[in-house]
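Okay, here's what each chain looks like letter by letter:
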Amino acid sequence: FNETRPFAKEGGRTNRGGQGDTRPLFKSLEYLKLELLPLEERNNILTSFQAYLVERVRDFHNRQKLKLVFDPKLSTWQIIHNLFETSNSEGKAGYVSQHLVGAKLQLRFPHLEVSNESASTADRPTNRPGDFTIGNTVIHVTVSPMEGVYKKCQENIKEGLKVYLIVPDGKLAAARQLAEQYCNGQIAVESLESFISQNIEEISAFTADKLKHSLVNLIKIYNERVNSVEVDKSLMIELPSNLIKYND
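Residues numbered from 1 in each chain as written. Predicted model: local features only at pLDDT ≥ 70, side-chain atom pairs only at ≥ 80, totals over all residues. Heavy atoms only, no water.

Draft legend 1. Inspection of the overall build of the protein at higher detail. The secondary structure content of the protein amounts to nine helices and six strands. Whereas a compact globule of 248 residues would reach a radius of gyration of roughly 18 Å, the protein reaches 23 Å, over 25% beyond that. Along the three orthogonal principal directions, the C-alpha set of the protein runs to about 75 × 45 × 30 Å. The burial tally for the protein puts 38% of its 248 residues in the buried class. At a minimum sequence separation of 6, the contacts of the protein that also span at least 24 residues come to 66%. For the protein, the exposed area adds up to about 14700 Å²; of that, 51% sits on carbon and sulfur atoms. Side-chain charges of the protein comprise 31 positive and 31 negative groups, with the mean position of each set lying 1 Å from the other. (Helix = DSSP H or I, 4+ residues; strand = E, 2+ residues; numbered from the N terminus. Rg over C-alpha atoms; globule rule 2.2 N^0.38 Å. Buried < 20%, exposed > 50% of the residue type's maximum accessible area, 1.4 Å probe, protein only. Contact = heavy atoms within 4.5 Å. Areas by Shrake-Rupley, 256 points an atom, 1.4 Å probe, with all protein chains shown as cover. Lys, Arg positive; Asp, Glu negative; His and termini not counted. Charge placed at Lys NZ, Arg CZ, Asp CG, Glu CD.)

Have a look at this one:
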């Protein structure tokens, strides 16, 4: 059907629930009595079924990208916050937050290799101490800080590593309280918005035009990182018209 974009790396083969889903499908096909039709006609019908499923895969790939709204009157912190809120309303906040932090680190440290994993990749199976490691510092990014992430932070500390925990601004106060409870002031807890926006401002030397270039570069790096590891390309961010001219 000329659709070559990857839809799922493992397909449906490893899903133990697949048989239960397939039985009612076969049961419904019984009523069509396809076995009574000539071979060519039956195959044409089955092919049309497959074509329908491929169209649903195309729908998945063709979903709209996230929209970045750039208002020069707003602070950089607010622009990043608004982008995060948009991703949150579309159920993409976890993916977007991780890749935004990765893009920020890559922009800030162009001479270092910043790891890039799908946001659905668990830390433990890949033996990663956290989402990112820069020098002797581990960075954890989460939109829902629960007990598990603090236990990972404790493990990092025992191994002699410094730890950053990056959370949305709305979770910052609670995350700091829990960090104090679990780690007794040994980890830095920062908001996603501040962690990204402050560096963007500094890289831009707090200059308006340079800031626009830095934001564009951040989004370009973000999109490259998403494109290389995520199947869902709707996680990518579309530049607004008032920033496109800075895309050079």
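Draft legend 2. Spatial organisation of the packing of helix α4 (residues 93-108) against helix α7 (residues 192-203). Look at α4 against α7: their axes get within 10 Å of each other, and the N-to-C directions meet at 25°. With respect to α7, the axis of α4 lies roughly parallel. In this structure, α4 crosses over α7, and the sense of that crossing is left-handed. Across the interface between the two elements, Ser97, Leu100, Val101, Lys104, Leu105, Leu107 and Arg108 of α4 pack against Leu192, Phe195, Ile196, Asn199, Ile200 and Ile203 of α7. Tallied by class, residues from the contact of α4 with α7 come to nine nonpolar, two polar and two charged. (Axes fitted to C-alpha atoms, helices over the stretch in contact; angles between N-to-C directions. Parallel < 35°, antiparallel > 145°, perpendicular 65-115°, else oblique. Left-handed = near helix turned anticlockwise from the far one by under 90°. Nonpolar A, V, L, I, M, F, W, Y, C, P; charged D, E, K, R; others polar.)

Draft legend 3. Region of the structure containing a nonpolar patch on the surface. Taken together, the side chains of Leu32, Leu46 and Phe49 present a nonpolar region at the surface, about 230 Å² in accessible area. For Phe49, the location among the structural elements is in helix α2 (residues 39-61). Taking relative accessible area as the criterion, Phe49 reaches 32% and is therefore assigned partly exposed. (Patch = residues over 30% accessible without salt bridge, like charges linked within 9 Å, V, L, I, M, F, W, Y side chains within 5 Å. Salt bridge = Lys/Arg side-chain N within 4 Å of Asp/Glu carboxyl O.)

Draft legend 4. Structural view of the side chain of Thr137. As for its placement among the helices and strands, Thr137 is situated in strand β3 (residues 137-141). Note on Thr137: relative accessible area 15%, which makes it buried. Not counting the four nearest positions on each side in its chain, Thr137 is found in contact with Phe132, Lys162 and Tyr164.

Draft legend 5. Highlighting the environment of Val167. Mapping Val167 onto the fold places it in strand β4 (residues 162-167). Put simply, Val167 and Ser89 are 78 residues apart on the chain and 16 Å apart in space, counted from C-alpha to C-alpha. Residue contacts for Val167: discarding those within four places in its chain leaves Thr142, Pro145, Leu172, Ala175, Val189, Glu190, Ser191, Leu192 and Glu193.

Draft legend 6. Looking closely at the pairing of β4. Pairing of β3 with β4 involves five bridges; the strand directions are parallel. Within β4, the residue paired with Thr137 across the bridge is Lys162. In terms of handedness, the path from β3 via helix α5 (residues 147-158) over to β4 forms a crossover that is right-handed. Pairing between β4 and strand β5 (residues 187-191): five bridges, direction parallel. Bridge assignment links Val163 to a residue of β5, and that residue is Ile187. Regarding topology, helix α6 (residues 172-183) serves as the crossover connection from β4 to the parallel β5, and that connection is right-handed. (Pairing = 2+ DSSP bridges. Right-handed = clockwise from strand over helix to strand, strands pointing away.)

Draft legend 7. Fine view of the nonpolar core. Counting residues in each nonpolar core, the largest one holds 38 residues, and the members touching the most others are Val101, Ile139 and Tyr222. Going through the elements one at a time, α3 (76-89), α4, β2 (132-134), β3, α7 and α8 (208-229) are the ones with two or more residues in this core. Ranked by the residues each element gives to this core, the list is headed by α8, at eight residues. Core analysis: the next-biggest nonpolar cluster, separate from the first, contains 13 residues, Val149, Tyr150, Ile157 and Ala175 among them. (Core = buried A, V, L, I, M, F, W, Y, C linked by side-chain atoms within 4.5 Å.)

Draft legend 8. Geometry of the pairing of β3. In terms of residue burial, β3 counts as a mostly covered element, since five of its five residues are buried. In β3, alternate side chains face the same way, and those of Thr137, Ile139 and Val141 on one face and Val138 and His140 on the other are all buried. As judged from the three bridges shared by β2 and β3, these two strands associate in the antiparallel manner. Within the sheet, the bridge partner assigned to Phe132 lies in β3 and is Ile139. Here β2 folds back onto β3, and the loop between the two strands holds two residues, one of which, Gly135, carries a positive phi near 60°.

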